[in-house]
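One letter stands for each residue in the lines below.
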Amino acid sequence: MSEQMTGAEMVIRALIDQGVEHIFGYPGGAVLPIYDELFQQDKVRHILVRHEQGAGHAAEGYARSTGRPGVVLVTSGPGATNMVTPLTDAMMDSIPLVCITGQVPTHLIGNDAFQECDTVGITRPCTKHNWLVKDVNDLARILHEAFYVAATGRPGPVVVDVPKDVQFATGTYVGPEEARRTRRHTGYQPPRQGDPEQIRRAVRLMRQARRPVLYTGGGVVNSGPEAAKLLRELVALTGYPITSTLMGLGAYPASGRNWLGMLGMHGTYEANMAMHDCDLMVAIGARFDDRITGRTDAFSPGSRKIHVDVDASSINKNIRVDVPVVGDVAHVLRAMIAALREDEPAKPDALAPWWNQIARWRARNSLAFRPSKSVIMPQFAIQRLHALTKDRDTYITTEVGQHQMWAAQFYGFEEPNRWMTSGGLGTMGYGLPAALGVQAAHPESLVIDIAGDASVLMNMQEMSSAIQHELPIKVFILNNQYMGMVRQWQQLLHGNRLSHSYTEALPDFVKLAEAYGGVGIRAEKPAELDDAIMAMIETRKPVIFDCRVANLENCFPMIPSGKAHNEMLLPLEANDEAALAQSFAAGKELV
Amino acid sequence: MNDTMTAKPAPTPPASAYFIEERRDPSETHTLAVLVDNEPGVLARVIGLFSGRGYNIESLTVSETEHAKHLSRITIVTTGTPPVLEQIRNQLDRLVPVHRVTDLTMVARGRGQEKPLERELALIKVRGSGEHRIEALRLATAFKAEVVDATTEHFVFQLTGPSSEIEQFVAILQPLGLVEVCRTGVAAMNRGPDPM
């Protein structure tokens, strides 16, 4: 099935053969031949953004909400460098992206040509792999391999850099099947099944555990819907309590009986205490990130640890574990469940004392906040948003900061792939374009970007894309007029010197929405919140919702810098002053 | 709150959003053999990984070793704590063009040997006349170095051996008119009949 065609035709053909329906991009000199081919077909829909970074995050949102690779098409030079942030973001959060960049013609490479940059050099550390295509006859094979590498093993972003002369040149196209047969990188063999002996050892430890905890992460979501189903089965079978990282929310339902809430720096008291005091930790598709572990030398000191991960380099990187299982989460969980079922079931009351302990921690009510009748508390806003959207087909994205943590704490996620957030890189400006990508993939669904007033301005220009492509995203801004998380850290660690964390000249978000051609809604009092949210939901256009919240509220609970899981600051009992005092009294030598 | 500020203790390490811990595990030197697809940029990927993640490279040698399969073998001598060395192996293995990573030092130890076979080649230029020249040649004979180029004013010696031997030879030649040294870096494999 090899055919002769130009490089530009090959790009479009390869996208179609890979089942791609949407791509996000921005044209420019070095990709014009590909844009010309795009123009002459109607199988691949191109969503024009306003800034290449927006295209990258939109593709991330698309990928995260569908489980398929997101595709980006940008030009050389600034087009490529503007993609560096989303590529790095996707690398940190293991999101499959295929980014096709134009490049100056082959004979000009290295000449400092107009809009030239060393794209493969610049993106080498922030991609899973990248290619510069110098021969049109390699192009199709490389494009198909790019999709394979992006989506398999631990997913990640890839870049295919295509010089303009290669786009014009004519060569032989090969389809995905033939490309697989002639694949060059035969050393790339992502693991699937875990080592059966390690799985047996893991199951043996699980049988003896009296204070177990499941610690799950984004790897469960990446492994696919089957993995989330198996995880629920494992919880039902073992009766273990379960907590999750920011990236893993939704793999186990927040309404589930065994759910402890998110763990880590802003996780619940019960989740972090269970991690600290457990005798067996089963880490599944999570990577012991520093926001999760706190002080590593005081991390869960008395537990045996099992770690399931498809990436061998995640194992023993931050925390030494006892039983490493390198494999795909769904495959490993299936084997674990089968092995657990072989023997007689554990006594149901074996974990009763552990659950009693957990109930005592839960009773501390670590997510409590002071309700107010006069101002909207940000936590309350998320609670109301959840209550009014949970029975709908809803997807949530976020920016980065306090609002992101409140969304994670107070919006109960029931299913995987419904929660898109920048976890590893912490990219402010992620949420609005990500929502664009999610909405493109799910045109009938309700897609909400829970935003902060500072973050949202970083990619606000994509409102214009939303209008153009009739993507009715909802941007729900918890507006406190501060970079809230920056301010919180300045209060805790920098003597309350609020250096440049107050935004003096915010735009009028309602007028801004209208200027873009969208709808602006403002809520200032708790009493008007529900009606305003309902009005937002019912609007079939892009909406910016300016939710004016308590300006100085901080995000608790919190593991302060240099502290362990059992040294959390709790809300109410640890208000800002107490937090300050504690951080100065005890934490200083460790921060 | 400002009162708390003025009462704060004497200067301490800077406040940080990260958990800063000092690690003082003992470092070890290991030799790794990495089999990679010989393609543009592959060496940059390997070197970039080392610099990006803060690993050390003491020596690096690379050449295509299997022409039909376009495979190159990279030999890296690196220093790190045992957990860091494990990370280096795993991180290298994660690169798409990498076929195989073998810690030759670990393999040697597993077989009860101290080290794998490690050899380096050096070209050493010495300039001078009279006693120094004669002494340099005498030393070269003692070290079994070969004379690969000479005039009445200079010698170029070629010496193959363990790095330590080359170090020693170069150090001794220093006062005898040493003007230039070029070394290949370490080539290494394990002893015994089994391949990597």
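Cut-off values and rules
Residues numbered from 1 in each chain as written. Chains lettered and ligands numbered in written order. Predicted model: local features only at pLDDT ≥ 70, side-chain atom pairs only at ≥ 80, totals over all residues. Heavy atoms only, no water. Helix = DSSP H or I, 4+ residues; strand = E, 2+ residues; numbered from the N terminus. Rg over C-alpha atoms; globule rule 2.2 N^0.38 Å. Buried < 20%, exposed > 50% of the residue type's maximum accessible area, 1.4 Å probe, protein only. Contact = heavy atoms within 4.5 Å. Areas by Shrake-Rupley, 256 points an atom, 1.4 Å probe, with all protein chains shown as cover. Lys, Arg positive; Asp, Glu negative; His and termini not counted. Charge placed at Lys NZ, Arg CZ, Asp CG, Glu CD. Arc of directions from axis to C-beta. Pairing = 2+ DSSP bridges. Right-handed = clockwise from strand over helix to strand, strands pointing away. Axes fitted to C-alpha atoms, helices over the stretch in contact; angles between N-to-C directions. Parallel < 35°, antiparallel > 145°, perpendicular 65-115°, else oblique. Left-handed = near helix turned anticlockwise from the far one by under 90°. Nonpolar A, V, L, I, M, F, W, Y, C, P; charged D, E, K, R; others polar. UniProt positions renumbered as here; feature names shortened; annotations may be inferred. Phe/Tyr/Trp six-rings, centres within 6.5 Å; stacked < 30°, edge-to-face > 60°. Lys NZ or Arg CZ within 6 Å of the ring centre and 35° of its normal. Core = buried A, V, L, I, M, F, W, Y, C linked by side-chain atoms within 4.5 Å. Salt bridge = Lys/Arg side-chain N within 4 Å of Asp/Glu carboxyl O. pLDDT = per-residue confidence, 0-100.

1. Focus: the overall build of chain A
Here comes step 1: Looking only at helices and strands, one finds 24 helices and 20 strands in chain A.
Here comes step 2: Radius of gyration (C-alpha) of chain A: 25 Å, near the 25 Å computed for a compact globule of 591 residues.
Here comes step 3: Taken along the three principal axes of its C-alpha coordinates, chain A extends 70 × 60 × 45 Å.
Here comes step 4: The buried share among the 591 residues of chain A stands at 62%.
Here comes step 5: Counted over contacts in chain A with a minimum sequence separation of 6, partners at least 24 positions apart contribute 76%.
Here comes step 6: Here chain A displays about 21,500 Å² of accessible surface, and carbon together with sulfur accounts for 50% of that area.
Here comes step 7: Chain A carries 56 positive and 64 negative side-chain charges, and their two centres are separated by 6 Å.

2. With respect to helix α5 (residues 84-93) of chain A
Counting along an α-helix, one turn takes 3.6 residues, and residues three or four places apart therefore face a common direction.
Residues and elements named next belong to chain A.
Here comes step 1: Three or more residues of α5 are buried, namely Pro86, Leu87, Asp89, Ala90 and Asp93. For α5, the buried positions fall inside an angular range of 160 degrees around the axis, keeping them on one side.
Here comes step 2: Turning to α5, the residues buried within the fold contact α3 (52-66), β5 (97-103), α6 (119-123), β7 (157-163) and α11 (218-223).
Here comes step 3: One or two residues past the end of α5 sits Ser94, with phi positive at roughly 55 degrees.

3. Some remarks on the pairing of strand β15 (residues 394-398) of chain A
All names here are of chain A.
Here comes step 1: Taking burial as the measure, the five residues of β15 include five buried ones, the bulk of the element.
Here comes step 2: Here β15 runs beside strand β17 (residues 446-452); their pairing, made up of five bridges, is parallel. Bridge pairing links Tyr395 to Val447 in β17.
Here comes step 3: Of the strand pairs in this sheet, β15 and strand β16 (residues 419-420) are connected by two bridges, and their pairing is parallel. Within β16, the position partnered with Ile396 by the bridge is Trp419.
Here comes step 4: One crossover worth recording links β15 to the parallel β16 by way of helix α18 (residues 402-410), and it is right-handed.

4. Description of the packing of helix α10 (residues 196-208) of chain A against helix α15 (residues 329-342) of chain A
Residue and element names in this part refer to chain A.
Here comes step 1: Packing of α10 against α15 leaves a shortest axis separation of 10 Å and a crossing angle of 55 degrees. What the angle tells us is that α10 and α15 run oblique. Seen from above, α10 lies across α15 with right-handed handedness. Side by side, α10 and α15 meet where Ile199, Ala202, Val203, Met206 and Arg207 of the first sit next to Val332, Ala335, Met336, Ala339 and Leu340 of the second.
Here comes step 2: Grouping the amino acids of the contact of α10 with α15 by side-chain chemistry returns nine nonpolar, no polar and one charged.

5. Re unusual backbone geometry
Residues and elements named next belong to chain A.
Here comes step 1: Cis geometry is adopted by the peptide bond preceding Pro557, which originates at Phe556 and carries an omega value of 0 degrees.
Here comes step 2: You can see Pro557 is positioned in the loop between β20 (543-548) and α24 (576-587).
Here comes step 3: At Phe288, a residue that is not glycine, the phi angle is positive and equals roughly 55 degrees.
Here comes step 4: Residue placement: Phe288 occurs in the loop between β12 (280-284) and α14 (290-293).
Here comes step 5: For Ser300, which is not glycine, the phi dihedral falls at a positive 35 degrees.
Here comes step 6: Residue Ser300 is classed as buried on the basis of its relative accessible area, which comes to 1%.

6. A word on the UniProt feature "domain: Thiamine pyrophosphate enzyme N-terminal TPP-binding" (unreviewed entry) in chain A
Here comes step 1: Residues annotated in UniProt with the feature "domain: Thiamine pyrophosphate enzyme N-terminal TPP-binding" (unreviewed entry) correspond here to residues 5-121 of chain A.
Here comes step 2: In the segment residues 5-121 of chain A, helix accounts for 44% and strand for 19%; the C-alpha atoms at its two ends are 29 Å apart.

7. Some details on the sheet that holds β17(A)
Residues and elements named next belong to chain A.
Here comes step 1: Read from one edge to the other, the open sheet built from six strands follows the order β16-β15-β17-β18-β20-β19, with strand pairing classed as parallel. Unpaired on one side and paired on the other, β16 and β19 (519-523) mark the two borders of the sheet.
Here comes step 2: Pairing analysis gives five bridges linking β17 to strand β18 (residues 474-479), with the strands arranged parallel. Each residue of the ladder has a partner; that of Asp449, found in β18, is Val475.
Here comes step 3: Strands β18, β19 and β20 of the sheet are contacted by helix α22 (residues 509-516), whose axis makes an angle of about 170 degrees with β19.

8. Observations concerning the packing of aromatic side chains
Here comes step 1: Tallied over the entire structure, the rule returns 15 aromatic pairs over all chains.
Here comes step 2: Relative to B:Phe157, the ring of B:Phe155 lies with its centre 5.4 Å away and its plane at 25 degrees, an arrangement referred to as stacked.
Here comes step 3: Through a chain of ring-to-ring contacts, three or more aromatic side chains come together here, namely B:Phe143, B:Phe155, B:Phe157 and B:Phe169.
Here comes step 4: Directly above the aromatic system of A:Tyr482 lies the positively charged group of A:Arg487, at a separation of 4.7 Å from the ring centroid.

9. Observations regarding the nonpolar core
The nonpolar side chains of a soluble globular protein tend to be buried, and buried together.
All names here are of chain A.
Here comes step 1: Membership of the largest hydrophobic core comes to 80 residues, with the highest contact counts inside it found for Met206, Ile284, Ile306, Met336, Phe476, Phe545 and Cys547.
Here comes step 2: Per-element accounting of this core gives the leading share, eight residues, to α15.
Here comes step 3: The contact partners of Phe476, leaving out residues within four places of it in the chain, are Ala381, Leu385, Ile448, Asp449, Ile450, Ala451, Ile533, Met536, Phe545 and Cys547.
Here comes step 4: Counting residues in each nonpolar core, the second largest holds 41 residues, with Tyr62, Val72, Leu97 and Ala435 among its members.

10. Comments concerning the pairing of strand β4 (residues 70-74) of chain A
A regular strand places its side chains on the two faces of the sheet in alternate fashion.
Residue and element names in this part refer to chain A.
Here comes step 1: Of all five residues in β4, five are buried, a share of seventy percent or more.
Here comes step 2: Burial along β4 is two-sided: the face carrying Gly70, Val72 and Val74 and the face carrying Val71 and Leu73 are both buried.
Here comes step 3: Judged from the two bridges that link them, strand β2 (residues 22-25) and β4 form a sheet pairing that is parallel. Opposite Phe24, over in β4, you have Val72 as the bridge partner.
Here comes step 4: The sheet contact formed by β4 and β5 spans five bridges and is parallel. Opposite Leu73, over in β5, you have Ile100 as the bridge partner.

11. Examining the sheet that holds strand β2 (residues 59-66) of chain B
All names here are of chain B.
Here comes step 1: Reading across the sheet, the four strands line up as β2-β3-β1-β4 and stay open at both edges, with antiparallel pairing between neighbours. In the strand order of this sheet, the two ends are held by β2 and β4 (98-103), each with one partner. Across the sheet, the axes of successive neighbouring strands diverge by a mean angle of 20 degrees, strand direction being ignored.
Here comes step 2: With seven bridges joining them, β2 and strand β3 (residues 71-80) adopt antiparallel strand pairing. Of the residues in β3, the one forming a bridge with Glu64 is Ser72.
Here comes step 3: Against the sheet, helix α2 (residues 42-52) touches β1 (28-37), β2 and β3, its axis set at about 10 degrees to β3.
Here comes step 4: In the packing of helix α3 (residues 82-94) onto the sheet, the strands contacted are β1, β3 and β4, and the crossing angle to β1 comes to about 5 degrees.

12. Examining the UniProt feature "domain: Thiamine pyrophosphate enzyme central" (unreviewed entry) in chain A
Here comes step 1: Here, UniProt's "domain: Thiamine pyrophosphate enzyme central" (unreviewed entry) annotation points to residues 199-336 of chain A.
Here comes step 2: With 37% helix and 20% strand, the stretch residues 199-336 of chain A has end C-alpha atoms that lie 6 Å from each other.

13. Here's the deal with the pattern of salt bridges
Residues and elements named next belong to chain A.
Here comes step 1: Tallied over the full model, the rule gives 31 salt bridges over all chains.
Here comes step 2: As a salt-bridge pair, Arg13 and Asp17 come within 3.5 Å of each other at their nearest N and O atoms. With Arg13 and Asp17 both in helix α1 (residues 7-17), this residue pair falls four residues apart, about one helical turn.
Here comes step 3: Relative accessible area serves as the criterion here: at 22%, Arg13 is assigned to the partly exposed category.
Here comes step 4: Residue classification places Asp17 among the partly exposed residues on the basis of a relative accessible area of 30%.
Here comes step 5: Residue Arg522 is joined to Asp508 by a salt bridge in which the shortest nitrogen-to-oxygen separation is 2.8 Å. With a gap of 14 residues between them, Arg522 in strand β19 and Asp508 in the loop between α21 (484-493) and α22 connect regions that are remote in the sequence.

14. Points about the environment of A:Ala283
Here comes step 1: By the element assignment, A:Ala283 lies in strand β12.
Here comes step 2: As for A:Ala283 and A:Gly239, which are separated by 44 residues in sequence, their C-alpha atoms are 16 Å apart.

15. Section: the confidence of the model for chain A
Here comes step 1: Considering every residue of chain A, the mean pLDDT works out to 95; 96% of them sit at 70 or more.
Here comes step 2: Confidence drops under a pLDDT of 50 for residues 583-591 of chain A, and excluding neighbours within four residues, the segment shows 24 contacts in the predicted structure.

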